[in-house]
Structures are given as structure tokens and as C-alpha cells.
Amino acid sequence: MYETVLVPTDGSETATSAVDHAIDAAQRHDATVHLLYVVDSSVANAAPGLAMSEIKEKLEPEGERALAELESKVEEADLETVTEMRKGTPDTEILNYIDNADADLVVMGSTGKSIRERERVGSVTDSLVRKAGVPVMSVPGN
């Protein structure tokens with residue numbers, strides 16, 4: 001039923017718990033787990049005076065850490081994994097990734113790290129539930 005399970009992450013605890021659900025689904029269906037971190041280009045608008053390159057320089061290490069943490073969990077489960085980092089608007093980039101990777105299932109946290117991120121990530125999750133042409137599992141925060 002599922003061959004490609006996508007887990008978008010923002011590095012939050014909720015995203016980390018979402019990967020456990022993705023691992024379970026992938027094990028049941030012998031699927032590949034794709035991990036995606038999007039460097040949010042809207043952050044540039046919230047930080048006037050900083051160039052996008054400076055913002056990327058600050059956010060990319062966070063994305064690399066988040067991807068490595070989840071990749072480790074997936075590899076411990078002995079599943080094939082693919083990781084990718086993109087730059088742009090999270091919901092748009094995730095929807096594009098779904099199409100490009102031919103994802104069958106998206107598993108993601110329902111909230112982000114900070115209050116601002118919770119609002120933004122929550123809206124990303126809501127957007128994907130409405131727009132994705134595949135099932136989206138929204139994992140609630142603790």
C-alpha cells in the first residue's frame with residue numbers, strides 16, 4: 001500500500017515523535033522513509049537586514065541536525081532512508097516533494113517548536129491535509 005513515506009521535520013519534539021509513526025508504517029509495508037527539512041524563506045522577511053544567505057547559514061545546521069537525528073532512528077529500524085533539505089515556503093516545498101518522490105503517505109507533527117513555529121507549522125499541516133493528494137497523518141504534540 002505504501003512504498004514511500006515522507007516525514008517533513010522542523011526539528012521539534014513533535015516531528016521526532018512523528019518519525020516513530022512513519023517507521024511503523026514503513027515497516028508494515030516495506031517502504032522507504034524520506035526525511036525533508038525546509039529552510040523557511042519566510043524567515044528572511046521576519047529578519048530585515050539579514051540576507052537570505054545569512055539566514056540559510058544559520059538555519060541549515062539546524063536542518064542538518066534534525067535530519068541526522070531522524071535518519072539515525074530510521075536506520076536503527078533497518079529501513080531505507082532518503083534525506084533532503086530544501087529552501088522555500090514549507091507547504092509548497094513539501095507538496096512539490098510529495099509529487100517528485102511519488103510519496104504515498106506523509107507523517108508529520110501537528111505543531112512546531114516555538115509559539116510562532118507552532119502557528120506556522122500547524123498551518124503547514126492544515127494546508128497539507130487539504131492539498132496533498134495522499135494521506136497525511138498529523139501526530140499531536142506531547
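Residues numbered from 1 in each chain as written. Predicted model: local features only at pLDDT ≥ 70, side-chain atom pairs only at ≥ 80, totals over all residues. Heavy atoms only, no water.

1. Notes on the overall build of the chain
Looking only at helices and strands, the chain features five helices and five strands. Sequence-ordered secondary structure for the chain, helices as α and strands as β, is β-α-β-α-α-β-α-β-α-β. Classification of the 142 residues of the chain by burial places 47% in the buried group. Counting contacts in the chain only where the partners sit at least 6 residues apart, residues at least 24 apart contribute 78% of the total. When the accessible surface of the chain is summed, it comes to about 7300 Å², and 45% of that surface belongs to carbon and sulfur atoms. (Helix = DSSP H or I, 4+ residues; strand = E, 2+ residues; numbered from the N terminus. Buried < 20%, exposed > 50% of the residue type's maximum accessible area, 1.4 Å probe, protein only. Contact = heavy atoms within 4.5 Å. Areas by Shrake-Rupley, 256 points an atom, 1.4 Å probe, with all protein chains shown as cover.)

2. Topic: the sheet that holds strand 5 (residues 136–139)
On the basis of which strands lie adjacent, the open sheet formed by five strands has the order 3-2-1-4-5 and parallel pairing. Whereas interior strands pair on both sides, the edge strands pair on one side only; in this sheet they are strand 3 (81–88) and strand 5. With strand direction ignored, the average angle separating the axes of adjacent strands in the sheet is 20 degrees. Pairing of strand 1 (residues 4–9) with strand 4 (residues 105–109) involves two bridges; the strand directions are parallel. When the bridges of strand 4 are listed, Leu6 appears paired with Val106. Most of the contacts of helix 1 (residues 13–29) go to strand 4, to which it runs at about 155 degrees, and overall it touches strand 1, strand 2 (32–40), strand 4 and strand 5. (Pairing = 2+ DSSP bridges. Axes fitted to C-alpha atoms, helices over the stretch in contact; angles between N-to-C directions.)

All we've got here are geometric facts, nothing functional implied.
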